[in-house]
Structure formats: C-alpha cells, structure tokens
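Letter by letter, the chains look like this.
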Amino acid sequence: MVAGLVPRYSEGELGLARLTLLLPSRRTVRTVTEAFVRFSGTTDKPGLLLPRMVVVGDLDLDETLGPLLDPLGASDIPPAADPTRRWLRIAHFLREVEGAEAGKGAALLRRAWELGRTMDRLLVEGIAPIDLMSERVIGIVGDLAGHWTDNTRTFLKVQQHWIAELAERGEIDAPERRNLLFEHAAREWQASPPAYPIVAAGVTSASPSLARLLRVVSELPGGSVVLPDFDLSLPPEVWDELGTAGRPDSPDDPPFGRGDAVTHPQYHLKLLLNRMGISREEVAHWHRSGLGASPAERSTVISNLFLPPRASAAWVALGPEKRRLAGVRLMESTHPEQEAQAIAVLVRQALEVPERRVALITPDRGLAGRVVAHLTRWGIEADDTAGRPLAQTASGRLLLLLAEVMAEQAAPVPLIALLVHPLAGGGEGRARWLENARRLDLALRGPRPGAGLAALAELAVQEKLEGWWGEVEAMLAPLFALSEGDPLDFMLGRLADAAEAMCGEAIWGGPDGRALSALVEELRAAAGSAGTLFDPRELHAMLRDAMDRVSVRPPWGGHPRVAIYGLLEARMSRADLVICGGLVEGVWPASPSQDALLPPAVLRALGVPGADFRIGLAAHDLAAALGAPDVVLSWALRDAGGPVIPSRFVLRVKALLGEQGERHIEAEALRLARMLDDAAPVPPHPRPQPMPAPEQRRVDLAVTGLDRLRGDPYEFYANAILRLRKLDALDAEPSAAWKGEVAHKILEDWHKAGEPVDGLHTIAQSVLTEKNAHPLMRALWWPRLSAALDTFRDLVLRHKTEGRRVVASEAWGDMRHRDIRIHGRADRIDRQADGTLAVVDYKTGSPPTPRRVEEGFALQLGLIALIAEAGGFKDMQGREIEGEAGGFEYWSMAKDKNQFGYAATPLKVGKRRSGIEPDDFLPETERYLNDALDRWILGNEPFTARLNPELGSYADYDQLMRLDEWITSLGSRERAQGSATEEGA
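Given the structure is predicted, the values throughout are model-derived calculations rather than measurements.

Along the chain, the regular secondary structure elements total 37 helices and 19 strands. Relative to a compact globule of 985 residues, whose C-alpha radius of gyration would be 30 Å, the chain shows 38 Å and is clearly more extended. Projected onto its principal axes, the C-alpha coordinates of the chain cover approximately 120 × 80 × 60 Å. Taking all 985 residues of the chain together, 50% fall into the buried category. Taking the intrachain contacts of the chain between residues at least 6 apart in sequence as the baseline, contacts between residues at least 24 apart amount to 77%. In the structure as shown, the chain presents an accessible area of about 46,200 Å², 51% of it carried by carbon and sulfur atoms.

Here you go:
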C-alpha cells in the first residue's frame, strides 16, 4: 500500500504530509509507519514527511475514534455513556428483572457483560430497540423454545431500563455515538469536501454507518478506499454464490440468506461493498505491489483454495499449474512443544539472511509464549504484540492474590503465593521478607490451619515470626474487615491500599502497572457512580474477568526483524517469511460461540452477522498471510488436553495440493528441533550406590529406620545421613500419617486423663477441633474412627480387669548398642499381670504380616522392647520402666470381620505356620540389628537403592534416586554385569 501511496500523493515536499489516512486501529498506524520507514530506505530521498493517520476505531480492540472523526465541533451529538458504568448498571437491572434467579456476584456480572455485548452488536448494525418489537421478530420468538423466549424477554426488559436511564442522563451508548460521528463526518465531507485527499485503507468492518462514510470517501476528490486482500479474480458465478450479503432480492427477505457462504474470506468484503452501494466491477486493482509480494500466480490458487461448496467442484478439473503453491510449506508437529521449537528454528534460520523479516501469526497465545521462550536460546528477544491478559502480568496477579486471600480467609496457597510474589516486600528489606515468608511456608505445610488471621498469628508466635507477621497483618486486616453489601468502590480502594502497602509504588510501575491502575480507577469511578454493592468473597472472580478483557502490550523493543502477531494485529502486516501457527480447529478458526441472549434466527432476521461470520474473517486473515513470499502453515496433532483436528483450512490446502503435497512438507525444521533436544544426550542413570565416609555412616538409628535400612538403604541414606525430608503440600489433604498422629494424640490424652469410660469420644472431638480437621473429612472418617476407638477402649478396660495396665503412652526412649544410639517412640507400653512388659504399636491400616517380620523387615516392636529392657523408657510418672518384654502387639484401626479395630501379634503363635517364635523374637531382632550395623553403619557396604524392590516403600526419595530411569532395566543390567564378571573370571 505504501509503495502505491508515495508516488501518487508525494507531489512536492509537502504532498504526502497533506494526505489523511483512515486506518482501523493504532496497531495498523504503527505497521504503516514502519512500512513508510522501510520504503524511504529504498529511495534516493533522505527522508519524507508522513501523512496524517487517523484511527477509525476497532471495536474488537476497544479503540476509540481519532480526533478527525470525533471533533470538538460535534457538540450536537450526546456524550457516550461510560461502558464500565453501563456494565454495572445492567447487572443491577438484571437483578431487578429476574430477582434471585439472576444470580449474584461475578456470575451476575458475566451475564451483564454478555448482555452489553449483544446490545453493542445491535447498535453497530444500526438496529434500534423498536426493531426488536417488530412483528417479524415477535413471530420468530414465539415459535422458538421456551428458554429463547425467556432470554429475549429478559433482554428487552433490561434494555428498556437502560434506555430510560440514558435518556435521564442525556447520554447514548458508545457504538451509537460512533455511528452518529461517522454520519456527521460523511455529511460534512459531502457538503464541503476537504481540500486535501483522504484515503481509507485496511478497513474490514461492514457496519452500515462506516460503509456510508467509506462511500463518501471514495467519491471525494483524490479520495480512495483500499480494500485489503480483495479477490478481483473470483469468477462472477462464484461471487454470486457467496449469497445476498445484506442485499436481499426482495424487501421481505432477511438481509442474510440461509445459503450465504458467510465462512468465505470474501464474504465480509461483499457485505461492505453492498452496504456502500458499490458494485464489484467498480473496484480496480491497486497500482503497485510491495517489496514482499508473493508470485502473481499464487493469487489464483488462493482464490481456488477457498471456493464455496458448489464452485469447489471445479477442483476435479484443475490442472497442476492452478494447484501449485510455490513458497508455501506445511509443517505437522507431534505436540505443541515440538511445534514451538520448530517455529523458533525457522525464525533463527530466517534471521541469517540480512534484512529478511519474519512474522509468526497465531491466535494461540500459549504457542506464541513458547516460541518467545525458545528464541531466547539464541539471545533473540521477540515481543508478542497481541499482548498478555492483565491477569497474567505481575501487577495484575498480585492484586488478584490479595482478593483471593481475602475471599478464602487467608488459605495457605494464595497467602504464600502472595507473600513470595516478586513485587511483595520490595526494596531493601526484600531478602528479610522472603526469608520470613519461607519460614511461614514451612510452618503451613500439611492440612490447612484455622481460617482467618488469628490462627496465623498464633502460628507466627510459635515460629517466632510475630514481628514480621504483625506488619503483614496490618496490611491485610482492612480487607478482612469488609463485609457483604459494602460498596464496590470502597472495596477496590481498600484493595489498592493493601497492594501499595505491600509493594510500594512498584505495583503501578511498568506497562502492566499502568494498565492495572487505569482499570482500578475506572472500576472505582464507575462503581461509585452506579452505586454497586458487592460481596468481598466474589471480588477476585470479578476482577479476573475484568482483567482478562485487558491486554497489556509490550512497548517498543525486541528484535527489529521479528514480529509475533495475533490475528487482529497481523492485518495489513507483511514479512518475507510468514509462519501461521496453531492451525487447528477451535483455535484457527476459533469455535463459533452463539449469542446467549438472542436466538440466531432473530439475529439473522435483524441483519446481524451470525457466529460463523468470524470463521470467514479468520479465513480472510489466512488468505492475507498466504500473500507473503514464503509461508509456513504449522499445526500440532495434539494439545495439552489430547488429540486435536487440523484446521479446516489446512485440510483444504492438502486437498487442493493433492499429489503435490509431499513436496510442500517442511521436515528440516522439525529435524533440527529434535536435534536440539538430542544435542547433549544423557546416558542412562545407573542404580545409585552411594559410599559415604566411615564418620558419615555413624548416625543414630531410629526404631523405624532399621526396616528402611534393610529394605532400601538409599532411602535411609537420604533420610538419616543427608537429612532430607519430604515437604507436605500446602493445604494438603489429610494423609495417613496425619490421621495416625491424630489417633495417637487421642489415645495419649485418654490415657493421661485416667482412661475414663465415657470420655474417649469427647477427647477425640476435642483433638479433631484442635487439629482443625476439615468438616467433610470429619464426617467421612468419624464413623470408622469412633468404632475403632470403641474397640480399643473395650480392650484396655478388659485388660484392666485382668491385671494389665498402661504404664507409658507416646514415650520417647533410647539406648546405646555398639556405641550407636538406638532411639524411638513407643506408642504404648503395658505392664502385664505377670510383671512382664507388653509393647503396643498403633496402626491406622493393616499391620505387618508374620512373614514380613520373619524376613527381618518389620522389627520396630522388637527394637522398642530392647530399649525398654535396657531401661530406656520412663513411665507416665517419670520413673524408669524395668522388666522383660513378653508381649508384642499391633492394634489396628482397620476392619477385621465385622468390626473396626483389633489387636494382633506378628509372631508365630497358635496355628500359624510362618513367623518367629515369641522366645526367639528379641534374639532375632538383635541379630538383624547387628547385621545392619555391620554392613552399613559400621561397615563399608554401599547404600544401594531399592535393595529389595519387592518391598513396599513410601517413595519419598524416588525422584532423588531417579528411579524411573533404571528400575525397568534392573534385571537385564544385573544379568549383564554378572556375565561380564564370569567372563573376567
């Protein structure tokens, strides 16, 4: 376009500067400016004066009109209503119309937003509210399903409420004002043509008022309307097959026929011409081609590619020359990550050629982000000009976290995410802030503590964080004082104050901070004017919806020859290599979404383009991209959720190419992408067999550690020598270990209380409350827990009558054996009637089998008994426990026959055929203990990972030992090593 504008309008030094360009968006202004700069570099003149560029305004990009079209002299046109205030007022009217059925909070505001969008669609098309009352519309609605009737009735009632308020305030809606300004400019220019030429370029919107303005521009002296990628080679019969496109055969027919090819890339341009009152024959070819033009014969192939259904039958007779897409390659990837890496390779290759420009066009922002990340491998900074939703930026995320912390009463996950956010606690004290936040993070691991700030204050005192937490609590306390029914603008003010207290002015810095500041102030002003009351628990959901509608685009920067566009940003842009990524159904084209309020039949009767109209726009975007010299069409066979279907546009390209398709496959970029992953192959990781030094081996041995040492020495090594511990998740579900601790605590408190007959359940409820057990977990676990506790109580009381009594509960003890400290906790130690000791261990699940004890992998009871006999435990009065151990029992809460809870011994008693004899249990335990000490603690045997793979494991260290890399080939490797040893011998 620029190549044609310069020679036509650059008469004299100021000729081009007198030209006025009407462009659809600010993004297009930037694109055209760059094109002028590049073009000036190809001429002998050192520079040029740019024309005046005026934004027509793109509703999809939420852009306003430029000052030329919205002049100060248009005072007779009422001001536009604030769209944010309208959104909030529509929610209020919805509540009035539907009552409680309208919902509340964020859900109500989502419905209000959709209703406002529908109103805008009607206004853009010039449809007055009275048109919805016409006999045709009422007749259509009466024949539809009940929900469509109800939705239409709701829409009409809410719209009437809003119209009445507009009249009272002396305002009109923004789309209506836009239409009036277009009509105002058309009248002014028609009555008094401007002295200097006006050219409208790249406008694809087909709204009636804009079409009338463009008609006037086309008739001005020196005026032109440049239609982007208009196909003049389309045969007349194909043009007719596109349908009525706003010009029905008779006044009684709807503007859009049922057979209209609305998904064709030229349909919206036909609609624009029909509304302008211009025939296709009056459109002429643009007189110049740009620097990056594709071969001329490709235009015919692109035209054939998108033929409508009946005309596409001509494909059968098309010769090879009319199917040839020279310079177009097809790249099919296995998954999105491979696609992104291959696209990055293509970009890197293109930049090897001096002055070669490359553009990635994709509606998939996730793909764009991955490509940007891959390009940093080579130090290439690329900006995604489509931007990111405000909710995904640093400033937006922090404000959302604050609202989420308030909504969830300081739940651990959003609280810690807030405290470690990159903007939180900024400044000189950032290091101290993070250190304290991480200490609180460790303290909050596991099930959720009590709700609110009070429970966290108690925890902070326990962790000696009260000073720092006092500062945090002072920032958050005003938010927790909010209640349902407070004004929304007041809530937003409190939220902004808390954000600024936590981050300082950094929260409002940068492009994202400025966008957030504008959004918050806009919402506060609108909410104050609309008188909106709100629920603070819904604030984060409402803010997320509002932020997702705001795109934060990067400022100038990035690589000058790399551009990453969305579909809207790519319009009118060109490059030497264009990569169209994410070509799958549901992405490009996007899945059409029906209007939730007005039925499609009503919209079609009113002359509003349907949901499929957007597919035609997406096809037009692809057709425009295919005009570049080199094009790569890229798609993946699956996304993060599963297999996907290639875009219908890709399938058409494949079908058109036919047998030539194999020659268009792009395989080299995929090969190089795979080579990047395989550039430094990692050899298979061997089975870990660490050999610590003798002084490192001499560690204390827990009574539970002997089983771990004999079953999986590496797990013992990681736990006892490296002292690595698995961290529980934040806000974790109650684990088996947590349930065991609760059960132990209940029984301990009961024993210390003197074992009251009727007090066990009361103590249990008290412990569950103390541990802040979730109500749902309590409801599900309590029947099983109470039944098992009843069984344990009956057993203890029966033992009392038999002369057996509890002498120690949850007691810690230790002993020295071969100069190694053996330590552990005894769940319970009883004194039996004959004076011997009975060691009891509680289990929430099934206890170890006698076979496992015989194999030497469940020796906890034996070790506790050895410590007790050595005088390592004290009773509940603090006296040393003396005596020999004669009983060894597991008390399990699992189900046995028809009851929960039972006691069992893991030894060979009664009719059992396996296990250890009771008299041999302690000697065998000592033998296994000595064997483990000789081999690992005092010896030099390696701590081999999964020495006994068939044994169960907690799997806490599987990732550390890289288990998945060697466990599957364990047997074959050991056989290979054995064969090599035999050959060596």
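There's more to say after this.
On to the pattern of salt bridges, then. The final tally for this structure, using the stated rule, is 58 salt bridges. Notably, a salt bridge pairs Arg 537 with Glu 484, separated by 3.3 Å at the nearest N-O pair. On the criterion of sequence distance, the pair formed by Arg 537 in the loop between strand E9 (533–534) and helix H21 (539–548) and Glu 484 in the loop between helix H18 (466–480) and strand E8 (486–487) is long-range, its members being 53 residues apart. Counted as one network, the salt bridges with shared partners bring together Lys 104, Glu 484, Asp 535 and Arg 537.

Looking now at unusual backbone geometry. Each neighbour pair has its own omega, and for Trp 588 with Pro 589 the value is 5°, a cis peptide bond. Mapped onto the elements of the fold, Pro 589 is located in the loop between strand E12 (577–580) and helix H23 (600–606). One non-glycine residue, Glu 755, lies in positive phi territory at about 55°. Within the secondary structure layout, Glu 755 lies in the loop between helix H30 (736–752) and helix H31 (760–770). We note that Glu 810 has phi near 50°; this positive angle belongs to a residue other than glycine. For Glu 810, the location among the structural elements is in strand E15 (residues 805–817). The buried category is assigned to Glu 810, whose relative accessible area is 9%.

This brings us to the nonpolar core. Where a protein is soluble and globular, its nonpolar side chains tend to be buried together. Within the largest apolar cluster, 90 residues are counted, with the highest numbers of intra-cluster contacts made by Leu 440, Leu 539 and Leu 543. If one sorts the elements of this core by residue count, helix H19 (residues 488–503) sits on top with 9 residues. When neighbours within four sequence positions are excluded, Leu 440 is seen to be in contact with Leu 415, Ile 416, Leu 419, Leu 459, Leu 465, Trp 468 and Trp 469. Counting 81 residues, the second-largest nonpolar core is a separate cluster that includes Val 56, Ala 211, Ala 245 and Ala 628.

What follows concerns helix H24 (residues 613–625). The end-to-end C-alpha distance of H24, which contains 13 residues, comes to 19 Å, matching closely the 18 Å that a straight helix rising 1.5 Å per residue would cover. Taken across its 13 residues, H24 has 12 buried, putting it largely inside the fold. If you check which residues of H24 are buried, you get Phe 613, Ile 615, Gly 616, Leu 617, Ala 618, Ala 619, His 620, Asp 621, Leu 622, Ala 623, Ala 624 and Ala 625.

A large share of H21 lies buried, amounting to 7 of its 10 residues. Taken as a whole, H21 has its buried residues at Leu 539, Ala 541, Met 542, Leu 543, Asp 545, Ala 546 and Met 547.

Once that is clear, we can look at the packing of helix H4 (residues 105–124) against H21. Closest axis-to-axis distance for the H4/H21 pair is 7 Å, and the angle between their directions is 30°. Classed by the angle they form, the pair H4 and H21 counts as roughly parallel. Residues Ala 106, Leu 109 and Arg 110 of H4 lie in contact with H21, whose contacting residues are Ala 541, Met 542 and Asp 545. For the contact of H4 with H21, the class distribution of residues is 4 nonpolar, no polar and 2 charged.

Here we come to the packing of aromatic side chains. Enumeration according to the criterion identifies 13 aromatic pairs in this entry. Taking 5.6 Å as the distance between ring centres and 80° as the angle between the ring planes, the aromatic pair formed by Trp 433 and Trp 468 counts as edge-to-face. Of the two residues, Trp 433 is situated in helix H16 (residues 430–443) and Trp 468 in helix H18; the sequence distance between them amounts to 35 residues. Across the ring face of Trp 378, the terminal group of Arg 377 is positioned such that the distance to the ring centre comes to 5.7 Å. One Lys or Arg, Arg 549, reaches over the ring of Trp 87 and ends 4.8 Å from the middle of that ring.

Before going further, it helps to examine the sheet that holds strand E3 (residues 198–201). Spatially, the 4 strands line up as an open sheet ordered E2-E1-E3-E4, and their pairing is parallel. On the outer flanks of this sheet lie strand E2 (52–55) and strand E4 (224–226), each paired with one strand and no other. Recorded for the sheet is a direction-independent mean angle of 20° between the axes of neighbouring strands. On the sheet, helix H2 (residues 26–40) packs against strand E1 (20–23) and E2 and is oriented at approximately 160° with respect to E2.

Moving on to the environment of Asp 260. Along the chain, Asp 260 turns up in the loop between helix H9 (236–241) and helix H10 (267–276). Put simply, Asp 260 and Leu 622 are 362 residues apart on the chain and 20 Å apart in space, counted from C-alpha to C-alpha. Leaving out residues up to four positions away in the same chain, Asp 260 has contacts with Leu 242, Gly 243, Thr 244, Ala 245, Pro 255 and Tyr 267.

Rules and cut-offs
Residues numbered from 1 in each chain as written. Predicted model: local features only at pLDDT ≥ 70, side-chain atom pairs only at ≥ 80, totals over all residues. Heavy atoms only, no water. Helix = DSSP H or I, 4+ residues; strand = E, 2+ residues; numbered from the N terminus. Rg over C-alpha atoms; globule rule 2.2 N^0.38 Å. Buried < 20%, exposed > 50% of the residue type's maximum accessible area, 1.4 Å probe, protein only. Contact = heavy atoms within 4.5 Å. Areas by Shrake-Rupley, 256 points an atom, 1.4 Å probe, with all protein chains shown as cover. Salt bridge = Lys/Arg side-chain N within 4 Å of Asp/Glu carboxyl O. Core = buried A, V, L, I, M, F, W, Y, C linked by side-chain atoms within 4.5 Å. Expected span 1.5 Å × (residues − 1). Axes fitted to C-alpha atoms, helices over the stretch in contact; angles between N-to-C directions. Parallel < 35°, antiparallel > 145°, perpendicular 65-115°, else oblique. Nonpolar A, V, L, I, M, F, W, Y, C, P; charged D, E, K, R; others polar. Phe/Tyr/Trp six-rings, centres within 6.5 Å; stacked < 30°, edge-to-face > 60°. Lys NZ or Arg CZ within 6 Å of the ring centre and 35° of its normal. Pairing = 2+ DSSP bridges.

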